[in-house]
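Letter by letter, the chains look like this.
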Amino acid sequence: MRTALAVVALSAIAASGFAAPDEVSCNTPVVGRITGIAIGSVSTQSAGEEQIKIIRRQMSTRVRKGMPLCAGDRIQVLGASVLVMSLGASEADITVHGVTSFELANSKSIFLLVGKLFATLRGFFEARTQTVTLAAKGTEFQVEVTEAGTEILQLEGELEVMPVAPPEARLGRRLTPLRRLTIPSGGASPEVSPAGEESVRKAVDANANVILSMRPARPSVQLIPNFDSDKERAAAYREARFRTIWSPEDKGQFEILGNVYVDWAEPAKAIAAYVKSGEPSAGDERHVAVYNHNLATAYRLVGDFTKAGERLARAIKINPSAFVSNNDAGDFYLDEAGTAYRRGDADGARKLLERAESAYDKVLEPALQGRAEPNHAKPAYHRGEVALLRANANLEEARRYFNLALKFEPESLFARVGLARVAEAANDVERATAQYQDVLRRDPSFAPAHLYMGYLHARRGNWEEALASFLRATQSDPDFAAPFHAADVALTKLGRSELAQSYSEAYAQLASPLVPSPPHPPPPPSSSSSAPTPTPTPVPPPPPVIVPELRGETWMQASDDLPWLGLTLRAESVDSRAARGLIVRQDPPPGTLVKRGSVITVYVSTGRNLSDEVVVPYILKMSADQARAEVEKYGLRFLSQYSGKPSHSAYVRHQEPKAGTRVPRGTVVVGYIE
């Protein structure tokens with residue numbers, strides 16, 4: 001996604017240490033990211049293990065808004081906590097309420113052991129429990145697993161329900177919208193009933209309120225809003241969310257939902273909603289123009305300039321002199337100019353910037369004649385960006401337009417960030433730092449300010465501070481792509497390649513084809529053009545290094561130590577009585593002489609005491625009572641699943657886990673009885 005704030009290049013920063021985030025890196029694909037955390041009814045940026053717990057690579061990892069999620073993550077949401085995730089480039093948005101335990105199989109599959117989740121999907125997704133598999137595409141549903149059984153509330157689209165049973169007994173059921181399916185424990189027959197308006201409203205409103213509570217205070221891009229206030233937008237969102245489910249024939253509600261998503265800079269969701277709404281009636285020209293403007297903005301934000309241009313042309317044809325028409329045209333040309341710079345087409349970029357400048361000047365003309373309104377702050381800000389993006393940045397012109405934006409909208413944080421960028425471009429680091437800090441005092445969660453503060457630290461070679469700022473940006477707005485790319489670069493500079501890969505994959509899921517790289521090459525260092533070219537001097541190979549003692553340290557301590565020696569760390573988990581997270585063995589051993597760049601493998605204790613594990617007993621051909629008694633002797637729990645009506649003559653035909661499997665005490669053993 002291109003934002004006007006993502007065109008500064010990290011790759012143009014001179015390379016040269018905030019310590020690595022307290023996260024265990026993925027050794028499996030990244031499947032999504034955490035987009036919201038709430039404790040009780042209060043939205044928060046992070047959670048302790050007593051609230052939300054993630055086990056990754058057999059180690060507990062920090063839980064933080066914006067952090068990437070990995071295939072195989074086992075997650076527990078405890079107490080009154082709530083976790084919101086976006087999986088697979090936001091194709092699935094999942095809200096999980098405590099008390100819930102689940103595992104992420106991949107970006108399209110989740111295994112729910114117990115608890116409640118609410119899923120909003122645009123692509124294919126599978127939710128599995130111990131008793132049923134739910135296969136869905138482009139739907140919304142809620143599923144809750146308790147000791148009493150499984151309850152599924154199907155809200156939109158169709159859901160394929162496949163009970164889990166021995167292979168010869170598998171049956172499928174298609175659940176249509178606004179139906180409730182109850183599957184009791186103990187083998188009683190499933191029941192399907194209509195979902196009443198009150199229960200649907202309750203489920204949808206609960207999820208909508210969670211989403212609203214976790215929204216960033218403001219989006220990380222400058223857009224002219226569709227709604228006059230946050231309160232109006234929130235009310236429209238709640239009602240449209242319910243109406244698109246309860247009465248989907250009302251296509252106008254999908255358009256309202258699309259308008260909300262455009263304001264939130266969530267273009268993929270906006271496009272999906274507009275597709276469902278369809279084109280408005282041709283007789284209402286103003287409505288048609290607004291619809292095409294919004295759709296053009298959504299396509300532009302996902303990087304599809306062809307479709308964005310087509311939609312913008314339709315809107316401008318209806319009303320070529322409108323404020324929004326010229327502003328959107330300016331945004332379109334500004335975005336394309338950034339793309340041209342990134343592919344090395346400086347001349348094309350210059351021409352596009354001229355067209356952007358002309359469009360913004362038309363918008364600003366009434367304001368400069370005394371007929372200003374707050375929305376004029378947006379084109380004024382972008383006009384300042386045009387000045388910054390020129391091959392020879394016109395800093396005075398940029399400063400003038402950023403100040404003009406502040407005149408129109410005194411609380412504009414974007415304009416204040418723009419002034420800090422001007423100071424930075426003028427090498428006034430002290431002023432730039434003070435201005436970024438001023439923005440963050442006004443709004444500590446403003447992601448663009450954290451991002452640009454990170455760029456400033458990086459240019460000075462302070463990669464630890466840069467990483468801290470980039471991570472705060474991902475935390476403040478998990479849908480803002482640029483900070484994930486920046487965190488990837490910073491982690492790579494700090495030698496933490498495994499964790500860098502996690503952020504690289506998260507960025508790839510979020511970003512459009514527009515990679516935030518330099519709008520134009522940085523100026524070369526000043527030197528005399530007549531200086532002779534020095535003769536290259538052969539560089540001797542670096543001397544070997546001595547492998548340090550790492551046993552007894554934590555993985556995080558080792559990951560701090562080794563990069564400075566030019567060594568790469570690889571960690572594996574092992575069962576050990578040592579405290580969890582401590583290194584119990586290393587290869588090569590301490591004192592070994594190795595080349596720089598060598599890989600040092602450390603074996604990290606899971607803290608798992610093998611005496612806490614038991615072997616699953618054999619319970620085939622036992623009755624339910626006999627199987628329960630046998631299983632409980634080993635400290636395990638028993639769950640019976642009947643293929644028909646319960647009967648005293650029935651016996652266990654199949655069990656999961658299989659006999660002989662080593663599992664932790666307390667594991668549920670399922671016996672399939674017929």
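Model, not experiment: these values are computed from the prediction. (Residues numbered from 1 in each chain as written. Predicted model: local features only at pLDDT ≥ 70, side-chain atom pairs only at ≥ 80, totals over all residues. Heavy atoms only, no water.)

Draft legend 1. Inspection of the state of the cysteines at higher detail. On inspection of all chains with the given rule, the structure shows one disulfide. Between the sulfur atoms of Cys26 and its disulfide mate Cys70 the distance is 1.6 Å. On the S-S bond that ties Cys26 to Cys70, the torsion sits near -60°, and the link is left-handed. With Cys26 in the segment before strand 1 (30-39) and Cys70 in strand 7 (residues 68-70), this pair connects stretches of sequence that are 44 residues apart. (Disulfide = S-S within 2.5 Å. Helix = DSSP H or I, 4+ residues; strand = E, 2+ residues; numbered from the N terminus.)

Draft legend 2. A look at the sheet that holds strand 22 (residues 583-587). Within the open sheet, the three strands sit side by side as 21-24-22. Their pairing is mixed. For this open sheet the edge positions go to strand 21 (568-574) and strand 22, each flanked by a neighbour on one side alone. Between one strand axis and the next, the sheet turns through 25° on average, direction left out of account. As paired strands, strand 21 and strand 24 (residues 599-605) are joined by seven bridges and run parallel to one another. If you follow Ala571 over to strand 24, its bridge partner there is Val602. (Pairing = 2+ DSSP bridges. Axes fitted to C-alpha atoms, helices over the stretch in contact; angles between N-to-C directions.)

Draft legend 3. A look at helix 10 (residues 395-408). Between its first and last C-alpha, helix 10 extends 20 Å over 14 residues, near the 20 Å set by a 1.5 Å rise per residue. Taken together, the buried positions of helix 10 are occupied by Glu397, Ala398, Tyr401, Phe402, Leu404, Ala405, Leu406 and Phe408. Those residues of helix 10 that are buried are in contact with helix 8 (346-368), helix 9 (377-389) and helix 11 (413-425). (Expected span 1.5 Å × (residues − 1). Buried < 20%, exposed > 50% of the residue type's maximum accessible area, 1.4 Å probe, protein only. Contact = heavy atoms within 4.5 Å.)

Draft legend 4. How the structure looks around the pattern of salt bridges. What the rule picks out here adds up to 41 salt bridges. Across the pair Lys269 and Glu266 runs a salt bridge, and its minimum N-O distance is 2.9 Å. Taking relative accessible area as the criterion, Glu266 reaches 9% and is therefore assigned buried. Among the ionic pairs, Arg570 bridges to Glu572, the shortest N-O distance being 2.6 Å. One continuous salt-bridge network, built from bridges that share partners, spans Glu357, Asp361, Arg383, Arg390 and Glu397. (Salt bridge = Lys/Arg side-chain N within 4 Å of Asp/Glu carboxyl O.)

Draft legend 5. Structural context of the sheet that holds strand 27 (residues 652-656). Taken in spatial order, the three strands make up an open sheet running 26-29-27, and their pairing is mixed. The open sheet is flanked by strand 26 (637-642) and strand 27, the only strands paired with a single partner. With strand direction ignored, the average angle separating the axes of adjacent strands in the sheet is 25°. Here four bridges tie strand 27 to strand 29 (residues 668-673), and the two strands are oriented antiparallel to one another. Paired with Glu656 across the bridge in strand 29 is Val670. Along the sheet face, helix 18 (residues 624-633) touches strand 26, strand 27 and strand 29 and points at about 155° away from the line of strand 26.

Draft legend 6. Structural view of the packing of helix 14 (residues 463-476) against helix 15 (residues 482-493). Where helix 14 meets helix 15, the closest approach of the two axes is 9 Å, and the angle between their N-to-C directions is 155°. In terms of orientation, helix 14 and helix 15 fall into the roughly antiparallel class. Remark: the crossing between helix 14 and helix 15 carries left-handed chirality. Note on element contacts: helix 15 touches helix 14 through Pro483, Phe484, Ala486, Ala487, Val489, Ala490, Leu491 and Lys493, opposite Trp463, Leu467, Phe470, Leu471, Ala473 and Thr474. Of the residues assigned to the contact of helix 14 with helix 15, the class counts are twelve nonpolar, one polar and one charged. (Parallel < 35°, antiparallel > 145°, perpendicular 65-115°, else oblique. Left-handed = near helix turned anticlockwise from the far one by under 90°. Nonpolar A, V, L, I, M, F, W, Y, C, P; charged D, E, K, R; others polar.)

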